Amino acid sequence: MPISLLFEQILNGIVLGSMYALMGGGLALIYGTMRILNFAHGEFFMLGGFFVFFLFAGAHITPFLAVPIAVLAAAAIAAGIQRSTLAILQRRDGWLFATIAATLGISIILQNVALLLWGERFQSVPYYIEGTLAVGDIRMAYQRLLILAVALCSLALVGLVLRYTRFGLAVRATAQDQEAAKVMGISTERINTATFAMGAGLAALAATMLAPLIAVNPWMGLPLLLKAFVVVVLGGLGSFKGAILGGILLGVIEAVGMSMTSAEWRDVISYSVLIAVIWLRPWGLFGVKER
Amino acid sequence: MLEVSGLNVKYGDAQVLWDMSIKVGAGEVVAVMGPNGSGKSTLLKAICGLVAIHSGQIKFEGKDISSMPAHNMTSIGMSLVLERRRLFPSMTVMENVMLGAYAKHARDKTKERLAWVEELFPIIRERRDQIASRMSGGEQQMVAIARGLMSGPRLLLMDEPFLGLSPKMVSAIVTLVQAINKRGIAVLFNEQNVQLSFGNAHRGYLLESGRVVLEGAGLEMLQNETVKRVYLGSH
Amino acid sequence: MFGAPTRTFSVNFALFLVALALFPVFVRDSYYLHVGILCMLFASFALSWHLVTGYGGLKTFGHQAFFGIGAYFSALVSIHFGISPWLLLLVAGIVAAILGLLIATPVLRIRSMPHVAIVTLSFAEIIRAVISNWRDVTRGELGLWGIRTFESFSLPLIGAVSFTSTDKVSFYYLMFLLFALVCFTVLAIMRSQYGLAIIAMRESENAADSLGVNVVKYKLFLFALSAFFVGVCGSFYAHYLLILTPSAVLHIEVIILVIAMTLVGGVGTFAGPIIGAFLLTILGEWLRGFGDYRMLIYGTMILLCVMFFPGGVAKLGSRLREFGGFSARVARR
Ligand SMILES: Nc1ncnc2c1ncn2[C@@H]1O[C@H](COP(=O)(O)OP(=O)(O)OP(=O)(O)O)[C@@H](O)[C@H]1O
Ligand SMILES: [Mg+2]
């Protein structure tokens, strides 16, 4: 294979990986803060996809507005759901499994509500920008570069918020010790809701960016959810930074693996990587051993 | 300033505190002593709203706070130092201390408080960027108390502040608690050791299986025959 | 707890089995027999899953892998090597059990529930992806057909026992025997030394630790046994329905259905998975006309049960004392 093609593949892997990073980052944020494994994460992705389809492809609202509105709407729905179900469950004993089961139920409900409301047709969203960048033999659609840029900027923004703001401090405190955080005067319930919404928002953002490349449909979340699971295990469950690195790494591994086999073996490649990691470093590639 | 009356607390079906009544006056140091599992921690957590109370009343400065959520406690002038310090392990010393001033009302006075706390606990300035979990137990306890003071409480609650510390560290913390109390801050603390608890308090309570079995002035408690026999092992 | 089952439990359970055994005597309609077969099939699946999840405390989300492996292995071997489905019923179970050991080994090294969930689910996804991509052999989503069914034989008193698509009675009794086997094995395990160790595991991970390395062995044993039964169920499914697709036997919806059944029936009880499997299978058939709403209803039931009826129907029943000892509640979860 010519080296430029391989390079192009890797670049594509990084672009897709940045989407995995968005999904995984959101999942990690939620798990890290409230120890909930969110099986409904794929459905918040799906909601983002549908919202941007209606706003941009349907109502022709500029992506500059359509994307933020779609993301905020999905985040608001997530907040409502967290408040009315997960927050209540977490006050009870044995919530660890109860919350997993609840998000599983929520996932199926959202999927099927979407199916009833919007049908099973696969909807396509046009590119936000047309054209292709060519450098030598390497070609890359502007849309893909846009995806990468948006993903990296938004992840960096979330990282900075977590690192430097009061809100971020409160999120980190809640993640490390909910009881001690309460004693500090932090309303951990509110932080949990906000974090859940933020995580879901990242998933929705990934969908708004990917929508032009994949079809929007009620089941579009499941494959991405499974990838996000792989990503958070690679990165160390609950680690935001780890999820970002894990996402990009997974994208590249898939791209390289696919160029050696074929596209349909992509999933097998990524799940095998996951099983291998679990065997060798169960606490993740980048995390430190704990628990 | 703190008045607990007829407090009952249950975990599920198991009742842990029975009809408990406790008082802390302004400027007082009060010790609660009891063996493992007697309900000391539960008492403090119930006062702060970390565990729900089944019945009874908790009043702080005349206000009923029985059903106030835990995160509002710092803003009414109360602060709790949890058992085993419970610093945020992967944050720096400074981040931990600053979280003590998280409550809205405490934010404006952060600077002055920090100066005061740093004067009491010089270690905070020396180690400000160290990761909390890499400090020794005694150092962590210092940071935990400092963090508890950052919200400017009028009543400081401490759950076994001497747990697992060397004698030297214990006396250092005793001195600090006295200094804090001199500033007019009332202190309510738990302790399993008779000397450490009643020896360092104006008044004391003795707990057994979730009930107050004895109360009185600190020195009186030390002299009490039952206390002597059961907890000091003398005849 | 397990040592002495209440008499009401034994009586109720015996009545239940007798009723199941007599069902084909009164009902000859092959559709109802088919529903009965599905009920027992899913009840066996749910009981086996619950053996690992409810009792063993390992929350796995990948048991559809064993179902799919059992089904595809059995179907392919019967097609290509002409081996009798009767033998394959057993062999498929063993293959699934070996696979179960393979995945349980890394899973048991990790404590955290989310990791276990993710790893088992990913494992099942690998199996699904391989089977749907390996089109030369499995025909992928087009579906595998031409599967042999069970050979007929004749019994001294009863006469010829034939397995044809028009006559469901033989299939019904075969499934009934498998279901009874699963039930009695689960009961026997719960009443054995293993049972006590298993309860110790569930009650407290630390208490289990102090029991030492045996706990790992028990969990491995449980996992393998559970995979074995699910593999046998898969094999039966293949030789009963005679057509397989990856999405029918290996999709995540399969395990979601089993989870829904167990939650609705009641986690931590013997009767729970059985009650849930019967309820949801019958409900699912009843709702067949409303195809679009089926999954929505399952999802809603999962959420409602978790939120409002954490003990499921079994607990509700024992509360009302209607099921008496039948729900044989073990201990607080
Ligand atoms: N979250 C909980 N759920 C159920 N029971 C609890 C819980 N926390 C404490 N208990 C029980 O309540 C009783 C009192 O516990 P508590 O922690 O208040 O005792 P303590 O006096 O602080 O003991 P120690 O000296 O060991 O800190 C104990 O029997 C304990 O087992
Ligand atoms: Mg205590």
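Note that the structure is predicted; figures quoted are calculated from it, not measured.

*Asks:* With reference to specific residues and values, describe the environment of K315(C).
*Replies:* All names here are of chain C. Counting through the fold element by element, K315 comes out in helix α15 (residues 312–320). The class for K315 is partly exposed, based on a relative accessible area of 27%. Counting along the chain gives 306 residues from K315 to F9, while the straight-line C-alpha distance between them is 14 Å.

*Asks:* Lay out the nonpolar core with the relevant residues and their values.
*Replies:* Counting 249 residues, the largest nonpolar core has F179(C) and F236(C) as its most contacted members. At 16 residues, the largest contribution of residues to this core is made by helix α2 (residues 30–55) of chain C. Residues contacting F179(C), with those up to four places away along its chain left out, are F16(C), L17(C), L20(C), M40(C), A43(C), S44(C), L47(C), I274(C) and F278(C). If you look at the next biggest cluster of nonpolar residues, it comprises 47 residues, including V170(B), I185(B), L206(B) and M221(B).

*Asks:* Let's hear about the environment of L176(B): which residues, and what values?
*Replies:* All names here are of chain B. Secondary-structure assignment places L176 in helix α7 (residues 167–182). With relative accessibility at 11%, the residue L176 sits in the buried group. With 31 residues separating them in the primary sequence, L176 and I145 have C-alpha atoms 9.5 Å apart. In this structure L176 touches L120, F121 and M142, once residues within four positions along its chain are discounted.

*Asks:* I'd like a rundown of a positive patch on the surface, residues and numbers included.
*Replies:* Taken together, R83(A), R166(A), R190(A), K104(B) and R107(B) make up a surface patch of like positive charges. Along the chain, the position of R190(A) falls in helix α8 (residues 188–210). Here R190(A) falls in the exposed class, since its relative accessible area comes to 59%.

*Asks:* A description of the coordination of the magnesium ion (ligand 2) should follow, citing residues and the corresponding values.
*Replies:* All names here are of chain B. Looking at the magnesium ion (ligand 2), the protein donor atoms are S41 (OG) and E83 (OE), and they sit 1.9 to 2.3 Å from it. Taken together, the residues span a long stretch of sequence, with S41 in helix α1 (residues 40–48) and E83 in the loop between β6 (78–81) and α2 (93–99) at a distance of 42 residues. Look at E83 and you get partly exposed, because its relative accessible area is 23%.

*Asks:* Explain the sheet that holds strand β10 (residues 211–217) of chain B to me, using residue names and the numbers behind them.
*Replies:* Residues and elements named next belong to chain B. Spatially, β6-β7-β8-β3-β9-β10 is the arrangement adopted by the six strands of the open sheet, whose pairing is mixed. Of all the strands in the sheet, just β6 and β10 have a single pairing partner and so form its edges. The average undirected angle you get between the axes of adjacent strands in this sheet is 15 degrees. Relative to strand β9 (residues 203–208), strand β3 (residues 29–33) runs parallel, the two sharing four bridges. Bridging across to β9, A31 finds its partner in G204. Where helix α6 (residues 137–149) meets the sheet, it contacts β6 and β7 (155–158), and its direction lies at approximately 165 degrees from that of β6.

*Asks:* Can you lay out the arrangement of the chains for me, pointing to particular residues and giving the numbers?
*Replies:* The interface with the most contacts, out of two pairs of chains in contact, is the one formed by chains A and C. Regarding chain B and chain C, which are not in contact, the minimum distance between any of their C-alpha atoms is 12 Å.

*Asks:* Tell me about the packing of helix α5 (residues 142–164) of chain A against α8(A), and name the residues and values.
*Replies:* All names here are of chain A. The contact between α5 and α8 brings their axes to 10 Å, and the two run at 170 degrees. Judged by the angle between their axes, α5 and α8 are roughly antiparallel. Like other packed secondary-structure pairs, α5 and α8 cross with a definite hand, here right-handed. Residues Q143, I147, V150, S154, V158 and L162 of α5 touch α8, and the partners they reach there are M198, L202, L205, M209 and L210. Classifying every residue of the contact of α5 with α8 by side-chain character gives nine nonpolar, two polar and no charged.

*Asks:* Before we move on, can you summarise the interface of chain C and chain A with the specific residues and values?
*Replies:* In many analyses, interface size is given as the accessible surface area lost on bringing the parts together. Each partner contributes to the interface: chain C provides 41 residues, whereas chain A provides 41 residues. Together, H115(C), I118(C) and M307(C) form the three largest contributors to the area buried by chain C at its contact with chain A, with a combined 15%. If you look at where chain C meets chain A, you find one salt bridge. R135(C) is the partner of E264(A) in a salt bridge, and the nearest nitrogen-oxygen pair spans 3.0 Å. There are five residue pairs in polar contact (both at pLDDT 80 or more) connecting chain C and chain A. Residue assignment for the side of chain C that touches chain A shows that the elements contributing at least two residues are α4 (85–109), α5 (113–133), α12 (252–265) and α14 (294–308) of chain C. It is α5(C) that contributes the most residues to the side of chain C that touches chain A, 14 residues altogether.

What counts and what doesn't
- Residues numbered from 1 in each chain as written.
- Chains lettered and ligands numbered in written order.
- Predicted model: local features only at pLDDT ≥ 70, side-chain atom pairs only at ≥ 80, totals over all residues.
- Heavy atoms only, no water.
- Helix = DSSP H or I, 4+ residues; strand = E, 2+ residues; numbered from the N terminus.
- Buried < 20%, exposed > 50% of the residue type's maximum accessible area, 1.4 Å probe, protein only.
- Core = buried A, V, L, I, M, F, W, Y, C linked by side-chain atoms within 4.5 Å.
- Contact = heavy atoms within 4.5 Å.
- Patch = residues over 30% accessible without salt bridge, like charges linked within 9 Å, V, L, I, M, F, W, Y side chains within 5 Å.
- Areas by Shrake-Rupley, 256 points an atom, 1.4 Å probe, with all protein chains shown as cover.
- Salt bridge = Lys/Arg side-chain N within 4 Å of Asp/Glu carboxyl O.
- Lys, Arg positive; Asp, Glu negative; His and termini not counted.
- Charge placed at Lys NZ, Arg CZ, Asp CG, Glu CD.
- Donors = N, O, S within 2.8 Å, 3.2 Å for Na, K, Ca; no water.
- Pairing = 2+ DSSP bridges.
- Axes fitted to C-alpha atoms, helices over the stretch in contact; angles between N-to-C directions.
- Parallel < 35°, antiparallel > 145°, perpendicular 65-115°, else oblique.
- Left-handed = near helix turned anticlockwise from the far one by under 90°.
- Nonpolar A, V, L, I, M, F, W, Y, C, P; charged D, E, K, R; others polar.
- Buried area = accessible area lost by both parts, 1.4 Å probe.
- Polar contact = N/O pair within 3.5 Å; in protein donor to acceptor, adjacent residues only side chain to side chain.

It is worth stressing that arrangement in space is one thing and function is another; only the former is reported here.
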